[in-house]
Amino acid sequence: MWTMQPLRPVVGAPLLLLLLGTIFRLVLTMQREERHRLRNQVVEMFDHAYQNYMDHAYPADELMPLTCRGRVRGLEPSRGDVDDALGKFSLTLIDTLDTLALLNKTAEFEEAVRKVLSDVRLDNDVVVSVFETNIRVLGGLLGGHSMAVLLKEGGQHMLWYEDELLDMAKDLGERLLPAFNTSSGLPYPRVNLRHGVRGPETRTGTETDTCTACAGTIILEFAALSRFTGDPIFETHARRALDFLWEKRQRNSNLVGTTINIHSGEWVRRDSGVGAGVDSYYEYLLKAYILLGDDLFLQRFNIHYASIMKYISQPPLLLDVHIHKPLLPARTWMDSLLAFFPGLQVLKGDIRPAIETHEMLYQVTKKHNFLPEAFTTDFRVHWAQHPLRPEFAESTYFLFKATRDPYYLEVGRTVLENLNRFARVPCGFAAMKDVRTGSHEDRMDSFFLAEMFKYLFLLFADPEDLPFDVEDYVFTTEAHLLPLSLSTAQRSRSLTVANTTSWEELDDSNFDWSCPNTRLLFPDPAFPRSLREPIRSAVDKSCPRPASRSEPGLGRPPLRARDFMANNPEHLELLRRMGVSLIHLKDGRVQLVQHATQAVSAVAAEDGLRFMQEMMELSSQQQKEQLPPRAVQIVSHPFFGRVVLTAGPAQFGMDLSKSSTGVRGFAAVAEPYSGCTELTNAALVEGRIALLQRGQCMFAEKARHIQKAGAIGGIVIDDNEGSSSDTAPLFQMAGDGRSTDDITLPLLFLFHKEGNILQEALQEYKELEVLLSDKARDRDAIFKGRPPPSSLLESKGEEDCSPEEDLRASPSPSSSPEEQQPSRSTEEQAEPEADKTKREAEAEDTAEAEVDGDSAQSMEALLADWKEDLEAFQQMEKDEL
């Protein structure tokens, strides 16, 4: 029985890991036979993956499961930074060593160790990631060494073993050490295994930046190597890097950024979260305390953790913020790597938010079969890939160990079944290229064997199924097993520990120095379920809503989602009373977050929950039909269709995809510009396409007002300065929750940058004719049935214009919805801003030349030019954004 009295950790005592070993009275709904069936299925799946690697890929680093061959760096097309994990050192085999031991595959483990010792070379002339090589290869060798020693001590296996894997680990550690030769102590992100980082033969050493996790995820492996070998140099370098990161934390928020300059210590990217780029830095602070028994690591972790829970955690969400302005969100989506965090919270003992975040991740997983690589705050796919990451399974295992709630066995069953149903292929398991379509990628990363099957096996296994007590080990971020006995290993006197904060400065109330007792935390077995239910409802958007009623003191019915306007002060006050806060995002959208404890009353909190559910329901309705982008094309003199602006569609009004000609007319600015009341310049707008500004009322209301004034179409221009289709995802205008059948004209949306192009053209040329259509039209189609403008017929010099000079203001708006998803970098989606501005300027110059030039151009040359433009348009439509 644990006490809650403050404790000082005895060196080597597995204090926090005791949390996972507590014995509970179990009331399991999953039968023992079913658990054993799932355990055996995990082993069968592991055999399928491992044997296919050995049969089709070894000694290559990884298996390509679709083509049944090995991935050898340099022989396959480069995948960029992903390939930095490959070092021609049989990565998957080394990463899998301790998994073989844990799954009781002793003979296979012994054979694998012999292969590593006989076949693997570490002096390859190849540039590798310091981070990946440390956690996968060095960690794999150390985990394999730990298992080999354990089996040898058992007296039946590995009796021939004489620390050969440890010798290889030390060799590799020494090859990584040159990367730490910086003034800050932070390692270079890459190192040449043969030549280090200095000199032209290394082909590296010129980098200036590294991620926080890359520099801060070294201590477990390097400290273990020092403790195993007695050489303190490795632990010294790892501690120095951690000390530097701690010193460079933002002192007000106590958060760290995502990317740092390894020489100056300046933060290059100042966004902070618990996902990609930062994740395992926090993990290693806590686990370094567990493994090494050094209070300094727990002290730092607790300070960071308090800030994470204050700024980043918005249960069940974990949202990146800016380290200098931690109340300002840095992005509106989450990446799948943060799925490890609930498991880390279990080790910390903060289980309630762990349950909440894990449940959110599970509901997202159920919607898409796998956790997308990134997803938005309203749980839609942001990046659709899934490379078979194990972090969600990891957190599922830790939560089951802490709560013994059989619910997590069912979660594990879902993970297992989805892997078999959707990822299993004849030669292994293939990563998902797109979770929405189920398409595969020819990729099976080594971490799939190193981590996924460990956690799933441990989830379903009984204690007697395990060859050793896992509570005697700490899991690295790659799930390699390091013995807690290392904390009592003799440390060299030359190893100095920098203690940058004196204990006198600490307030023990800020730290949890006790081992939490989950039996006291959760006396009611149903309590975890009560935490999960609201999360499930939020993600499913299907929770029944309470009956509408007035809040005491307000004297009016509660605010309904369909009536809400973000710039209405009265609505904002109603939100505040319901505990709902509104955050304005950089792309012009708003994000709503509810904290029930901040509501003025229980009734108001309930109304706030209903309001949030209505908003999610409304959002879901808006996203049901992902419409493709539309086009606004300037067709009048001097543009003649050359300028095409990517526009967002409306989910109401005329469907331009069903019109062969689109809607063409002259533009006119509506008065009032917001279009939220009846127009005062209806006579001017009649028969024209009205320009409006976003905001102050619903889009459908704007459409009704310009339609009443006699407009034939409308263009809404974003009021968020700087927004652009280059950098923002496709925006669709939704209805107002009521019937919009009365709206018959087309309404399109332009971001601020594209809207400015249109407004400036209107200001300069007064009479500006535009075409609203589903995609860009070639000039032949634009002027079909009409005589071409005389200025175009009279222009000259077009025979000298190459297709590259036939310019548009944006990429083709005819791309598919998937291409409009923000699943690619800005560099992949659009040309650089400077180049684009230059091209637009050249377009204007070209147009001027056409107008002022000689009028002797022949019709034959003109038709040739139109044909050239048509080919350019067709090619543009084929290109991905």
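Residues numbered from 1 in each chain as written. Predicted model: local features only at pLDDT ≥ 70, side-chain atom pairs only at ≥ 80, totals over all residues. Heavy atoms only, no water.

### Here's the deal with the confidence of the model for the protein chain
Close inspection of predicted coordinates is inappropriate for parts of the model with low pLDDT. When pLDDT is averaged along the protein chain, the result is 81, and 76% of the positions lie at 70 or above. When the criterion is pLDDT under 50, residues 1-28 qualifies, and its contacts beyond four places in sequence or with other chains add up to 69 contacts. (pLDDT = per-residue confidence, 0-100. Contact = heavy atoms within 4.5 Å.)

### Observations regarding unusual backbone geometry
Across the chain, the bulk of peptide bonds are trans and the bulk of non-glycine residues have phi less than zero. The residue after Pro315, namely Pro316, is reached through a cis peptide bond having omega 5°. Here Pro316 shows up in the loop between strand S9 (313-314) and strand S10 (317-318). With omega at 5°, the peptide bond leading from His637 into Pro638 counts as cis. Mapped onto the elements of the fold, Pro638 is located in the loop between strand S23 (630-634) and strand S24 (643-647). With phi around 55°, Met158 is a residue other than glycine that occupies positive phi space. (Helix = DSSP H or I, 4+ residues; strand = E, 2+ residues; numbered from the N terminus.)

### Overview of helix H5 (residues 130-153)
Here H5 spans 33 Å end to end across 24 residues, near enough to the 34 Å set by a 1.5 Å rise per residue. Bending of H5 peaks at approximately 30° at the position of Gly139. Of all 24 residues making up H5, 19 are buried, and the element is well covered by its neighbours. Taking the backbone nitrogen of Phe131 as reference, a side-chain oxygen 3.3 Å away marks Ser129 as the first, capping residue of H5. Downstream of H5 by one or two residues, Gly155 has phi in the positive range, about 85°. (Expected span 1.5 Å × (residues − 1). Bend = angle between axes of the 7 residues up to and from the residue. Buried < 20%, exposed > 50% of the residue type's maximum accessible area, 1.4 Å probe, protein only. Polar contact = N/O pair within 3.5 Å; in protein donor to acceptor, adjacent residues only side chain to side chain.)

### A few points about the sheet that holds S24
Strand pairing in a sheet takes place through backbone hydrogen bonds and is either antiparallel or parallel in direction. Ordered in space as S24-S23-S29-S25-S26-S27-S28, the 7 strands form an open sheet in which the pairing is mixed. Strand pairing shows two members of the sheet lacking a second neighbour, S24 and strand S28 (747-750), which therefore form its edges. In this sheet, neighbouring strand axes are inclined to one another by 35° on average, regardless of whether the strands run parallel or antiparallel. The sheet contact formed by strand S27 (residues 713-717) and S28 spans 4 bridges and is parallel. Considered in S28, the bridge of Val716 is made with Phe749. (Pairing = 2+ DSSP bridges. Axes fitted to C-alpha atoms, helices over the stretch in contact; angles between N-to-C directions.)

### Focus: the sheet that holds strand S7 (residues 267-269)
Spatial ordering of the open sheet is given by S5-S6-S7, a layout of 3 strands whose pairing is antiparallel. The strands lining the two open edges of the sheet, one partner per strand, are strand S5 (209-211) and S7. Each neighbouring strand pair of the sheet contributes to a mean axis angle of 35°, computed without reference to strand direction.

### Some points on the environment of Leu176
The residue Leu176 is located in helix H6 (residues 164-176) in this model. What makes Leu176 buried here is its relative accessible area of 0%. Sequence separation between Leu176 and Val191 is 15 residues; the distance between their C-alpha atoms is 6.7 Å. What Leu176 contacts, discounting residues up to four positions off in sequence, is Thr133, Asn134, Val191 and Phe222.

### Digging into the state of the cysteines
Under the criterion given, the structure shown has 3 disulfides. Each sulfur in the disulfide pair Cys68 and Cys427 lies 2.0 Å from the other. Its S-S torsion of approximately 95° makes the covalent link between Cys68 and Cys427 right-handed. Separated by 359 residues along the polypeptide, Cys68 in the loop between strand S1 (62-64) and strand S2 (69-71) and Cys427 in the loop between strand S15 (424-425) and strand S16 (428-429) bring together distant segments of the chain. Here the cysteine-cysteine linkages of the protein chain are recorded as 1-4, 2-3, 5-6, numbering only bonded cysteines and doing so in sequence order. (Disulfide = S-S within 2.5 Å.)

### With respect to the packing of helix H9 (residues 233-247) against helix H10 (residues 279-292)
Between H9 and H10, the least distance of the axes is 12 Å, while the angle of their chain directions is 130°. It follows that H9 is oblique to H10 by the angle criterion. Of the two elements, H9 crosses H10, and the hand of that crossing is left-handed. Within the contact between the two elements, H9 uses Glu235, Arg239, Leu242, Leu245 and Trp246 and H10 uses Tyr281, Leu285 and Leu292. A class-by-class count of the residues in the contact of H9 with H10 yields 6 nonpolar, no polar and 2 charged. (Parallel < 35°, antiparallel > 145°, perpendicular 65-115°, else oblique. Left-handed = near helix turned anticlockwise from the far one by under 90°. Nonpolar A, V, L, I, M, F, W, Y, C, P; charged D, E, K, R; others polar.)

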